[in-house]
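Chain and residue survey
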Amino acid sequence: MDRVTASFTPDDSRHMRRALALAARAADDGEVPVGAVVVCGGAVVGRGRNLVEARHSALAHAEMIALAQAARKLGRWRLTGCTLYVTLEPCAMCAGALVLSRIDRLVYAAADPKAGACGSVLTVAANRKLNHTAAVEGGLLAEEAAALLKDFFRQKRKRRG
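Scope of this entry: the structure provided in the associated data block. If you're wondering where the values come from, they're calculated on a predicted model, not measured in any experiment. (Residues numbered from 1 in each chain as written. Predicted model: local features only at pLDDT ≥ 70, side-chain atom pairs only at ≥ 80, totals over all residues. Heavy atoms only, no water.)

Let us look at the packing of aromatic side chains. For the coordinates displayed, the defined rule picks out one aromatic pair. Judged by centre distance (5.1 Å) and plane angle (80°), the rings of F152 and F153 are edge-to-face. F153 gets classed as partly exposed once you look at its relative accessible area, which sits at 32%. (Phe/Tyr/Trp six-rings, centres within 6.5 Å; stacked < 30°, edge-to-face > 60°. Buried < 20%, exposed > 50% of the residue type's maximum accessible area, 1.4 Å probe, protein only.)

Written out as structure tokens, the structure reads:
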């Protein structure tokens, strides 16, 4: 596992709290509660929350939306110098997208033991065989992110049952 846990800064916590707020909005809309924020030069340049159900698209993950918004705002697809904050460890699709967009750093909250592609199941973002790697740091505000996910799925099961 290539996951690195670092000592996080107050800025890291502030940006992850922004991602958590987006995740809570996703949950309110019936989406899996994942939020993402792209920061470049200290400024938020991209935001995203899961919109899979609303857009009827498996591609509408929070990270994909945040990366696309950041690229539009910066006017470039190479997001060097940027950090992606996300409330759940990215899946293979999103990890591949952050590698292709040249994100320098990934900070995620909760690990995803079933589909995480940044150290849990696969190691995409830090895979040295790829043409780019991102520094990966996990665990920031993990308990809060995990609680959002658990509450969401508990409520979903209750509605079905």
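As a further point, take the side chain of R102. Mapped onto the elements of the fold, R102 is located in the loop between α4 (92–100) and β4 (105–110). Of the side chains with opposite charge, D104 lies nearest to the buried R102, which makes no salt bridge, at 8.7 Å. Excluding anything up to four places from it in sequence, R102 contacts W77, R78, L79, T80, N131 and H132. (Helix = DSSP H or I, 4+ residues; strand = E, 2+ residues; numbered from the N terminus. Lys, Arg positive; Asp, Glu negative; His and termini not counted. Salt bridge = Lys/Arg side-chain N within 4 Å of Asp/Glu carboxyl O. Contact = heavy atoms within 4.5 Å.)

Let us look at unusual backbone geometry. Most peptide bonds take the trans form, and the phi angle of most residues other than glycine is negative. A positive phi is found at R102, a non-glycine position, where the angle reads about 65°. By relative accessible area, which is 18% here, R102 ends up buried. Phi is positive for L141, close to 55°, though the residue is something other than glycine. Within the secondary structure, L141 is located in the loop between β5 (135–138) and α5 (142–160).

On to the sheet that holds β4, then. The five strands lie next to each other as β2-β1-β3-β4-β5, forming an open sheet whose pairing is mixed. Looking along the sheet, the strands with just one partner apiece sit at the ends: β2 (43–49) and β5. Taking each pair of neighbouring strands and ignoring which way they run, the sheet shows an average axis angle of 15°. The strands touched by helix α1 (residues 10–28) are β1 (35–40), β2, β3 (82–88) and β4; relative to β1, the strand with the most contacts, the crossing angle is about 145°. (Pairing = 2+ DSSP bridges. Axes fitted to C-alpha atoms, helices over the stretch in contact; angles between N-to-C directions.)

Okay, the pairing of β4 next. In terms of burial, β4 is largely enclosed, as six of its six residues are buried. Two strands pair when backbone bridges link them, and β3 and β4 are joined in this way by five bridges, in the parallel orientation. Looking at β4, one finds that T83 is bridged to R105. For the segment spanning β3, α4 and β4, crossover handedness is right-handed. Where β4 meets β5, four bridges bridge the pair, whose relative direction is parallel. (Right-handed = clockwise from strand over helix to strand, strands pointing away.)

Among the secondary structure elements, C94 is positioned in helix α4. Among the residues examined, C94 registers a relative accessible area of 0% and is labelled buried. When the C-alpha atoms of C94 and L59 are compared, they prove to be 8.9 Å apart, with 35 residues separating the residues in sequence.

Before going further, it helps to spend a moment on helix α3 (residues 62–74). Under the 1.5 Å per step criterion, the end-to-end length of α3 is 18 Å for 13 residues, consistent within 8% with the ideal 18 Å. All of the buried residues in α3 are A62, E63, I65, A66, L67, A70 and A71. Buried-residue contacts for α3 involve β1, β2, α2 (52–55), β3 and α4. G75 lies just past α3 and shows a positive phi near 70°. (Expected span 1.5 Å × (residues − 1).)

All right, on to the state of the cysteines then. A complete count under the given rule lists zero disulfides for this structure. Left unpaired, C40 is separated from the closest cysteine sulfur, that of C82, by 3.0 Å. Taking relative accessible area as the criterion, C40 reaches 16% and is therefore assigned buried. Looking at C82, the relative accessible area reads 0%, which means it is buried. (Disulfide = S-S within 2.5 Å.)

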